[in-house]
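Close look at the chain arrangement
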Amino acid sequence: MLVQNIANLEIRRLGHGDVPAIHALMVDVVSRLASQEHFAMGDEQYLNTHIEEKGETYGAFLIGELMAYSILAFPGSSESNLGREFGVPESDLSYVAILDATIVHETVRGRGLQRYFHELREQRARECGSRYLYSTVHPDNMVSKHNLEAAGFVLQFTRPMYNGKPRHCYAKWLNGTG
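For the structure given in this document, a descriptive report is provided here. (Residues numbered from 1 in each chain as written. Predicted model: local features only at pLDDT ≥ 70, side-chain atom pairs only at ≥ 80, totals over all residues. Heavy atoms only, no water.)

Regarding the pairing of strand S6 (residues 132–137)
Of all six residues in S6, six are buried, a share of seventy percent or more. Burial of S6 is two-sided: the residues Tyr132, Tyr134 and Thr136 facing one way and the residues Leu133, Ser135 and Val137 facing the other way are all buried. Pairing between strand S5 (residues 96–104) and S6: three bridges, direction parallel. In the sheet register, Val96 faces S6, and the bridge partner there is Tyr132. Taken together, S5, helix H3 (residues 113–127) and S6 constitute a β-α-β crossover, and its handedness is right-handed. Here six bridges tie S6 to strand S8 (residues 165–173), and the two strands are oriented antiparallel to one another. Of the residues in S8, the one forming a bridge with Tyr132 is Trp173. (Buried < 20%, exposed > 50% of the residue type's maximum accessible area, 1.4 Å probe, protein only. Helix = DSSP H or I, 4+ residues; strand = E, 2+ residues; numbered from the N terminus. Pairing = 2+ DSSP bridges. Right-handed = clockwise from strand over helix to strand, strands pointing away.)

Focus on the pattern of salt bridges
With the rule as written, the count across this model stands at twelve salt bridges. The partner of Glu106 in a salt bridge is Arg32, with the nearest N and O atoms 2.8 Å apart. Within this pair, whereas Glu106 is found in the loop between S5 and H3, its partner Arg32 is found in the loop between helix H1 (19–30) and helix H2 (44–49), the two being separated by 74 residues in sequence. Of the residues examined, Glu106 reaches a relative accessible area of 31% and is grouped as partly exposed. Several salt bridges converge on common partners, so that one network encompasses Arg13, Glu56, Arg124 and Glu127. (Salt bridge = Lys/Arg side-chain N within 4 Å of Asp/Glu carboxyl O.)

Examining the environment of Asp100
By the secondary structure assignment, Asp100 is in strand S5. Given a relative accessible area of 26%, Asp100 falls into the partly exposed group. The spacing of Asp100 and His118 is 18 residues in sequence and 10.0 Å in space, taken between C-alpha atoms. For Asp100, the contacting residues outside a window of four places in its chain are Tyr46, His50, Ile71, Ala73 and Arg121. (Contact = heavy atoms within 4.5 Å.)

Overview of the side chain of His138
Mapped onto the elements of the fold, His138 is located in the loop between S6 and helix H4 (142–150). Using a relative accessible area of 5% as the deciding quantity, one classes His138 as buried. Other than its neighbours up to four places away in sequence, His138 contacts Glu37, His38, Lys145, Pro166 and Arg167.

Quick word on the environment of Arg126
Structurally, the position occupied by Arg126 is in helix H3. Note on Arg126: relative accessible area 35%, which makes it partly exposed. Considered as a pair, Arg126 and Ala97 are 29 residues apart in the sequence and their alpha carbons are 9.2 Å apart. If sequence neighbours within four positions are ignored, Arg126 has contacts with Leu174 and Asn175.

Quick look at the structure:
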């Protein structure tokens, strides 16, 4: 499904057949980060579950090559639901959505992709009935922090997560909650 073309990139929702390319892009980009603590990598199983079962994944393509991707997670009552970290009652966990991983290849950075992905995923979360939208970011990731704050997210707390990696935890309340 074609979503939109921005900055000469084709944006579309990804499917299970795209998972090997998503994983390869993640490994490639993360290998060049200043610190491996900046990104919590998932495996192909994780990526597959966030194609349809527990989320949606969107990609940006340049001449047919995946250059960026972004995950919107719907964790339900699973252990990975950040709502518990924020004090969401168990009865409301189904209303939680998470702006999960975003990876952008260096050659297409600066085109507003992360901001676009934030807007797209928030719109999809609203359409799916989410009330709570959460995200985490490494404290030293200034670009991602700025983009979250520009999208209306508010820093709630900082703590170790994802096997002890420091994370700022951001929240945004949708549909008049919060």
